[in-house]
Amino acid sequence: MKILVTGAAGFIGFHLSKRLLERGDEVVGLDNLNDYYDVSLKNPVFSNLKNTLIFILFNSIWLT
């Protein structure tokens, strides 16, 4: 099943996406990667998931 997860780079969205991927679903992650939260919190999440799901970013800052 193809599932859209909003807030996929956040804590809940990350864990939900990870569980859905483990279950065999295709996940499309949507997130606004801005500097409202500390960017260093999103770096590990984004780098962990970026190779396993499709990300749609808006108003984004690029994470290294």
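Residues numbered from 1 in each chain as written. Predicted model: local features only at pLDDT ≥ 70, side-chain atom pairs only at ≥ 80, totals over all residues. Heavy atoms only, no water.

> What is the right way to look at the side chain of Asp25 in this model?
Among the structural elements, Asp25 can be located in the loop between α1 (11-23) and β2 (26-31). There is a polar contact of 2.6 Å between the side chain of Asp25 and the side chain of Arg23. Among residues more than four places away in sequence, those in contact with Asp25 are Met1, Ile3 and Leu20. (Helix = DSSP H or I, 4+ residues; strand = E, 2+ residues; numbered from the N terminus. Polar contact = N/O pair within 3.5 Å; in protein donor to acceptor, adjacent residues only side chain to side chain. Contact = heavy atoms within 4.5 Å.)

> Hey, could you run me through the pattern of salt bridges in this one?
Where charged atoms from two side chains of opposite charge approach closely, those side chains can pair. Tallying each qualifying case throughout the model produces two salt bridges. A salt bridge links Arg23 to Asp25, with the shortest nitrogen-to-oxygen separation between them at 2.6 Å. (Salt bridge = Lys/Arg side-chain N within 4 Å of Asp/Glu carboxyl O.)

> Could you clarify how one ought to interpret the pairing of strand β1 (residues 2-6) in this entry?
Successive side chains on a regular strand alternate, one facing one side of the sheet and the next facing the other. Only one face of β1 is buried: it carries Ile3 and Val5, and the other face, with Lys2, Leu4 and Thr6, is open. Here β1 runs beside β2; their pairing, made up of five bridges, is parallel. Bridging across to β2, Thr6 finds its partner in Leu30. Crossover connection from β1 via α1 to parallel β2: handedness right-handed. (Buried < 20%, exposed > 50% of the residue type's maximum accessible area, 1.4 Å probe, protein only. Pairing = 2+ DSSP bridges. Right-handed = clockwise from strand over helix to strand, strands pointing away.)

> Can you help me understand the environment of Lys2 in this one?
Secondary-structure assignment places Lys2 in strand β1. Residues within four places of Lys2 in sequence aside, it is in contact with Glu26 and Val28.

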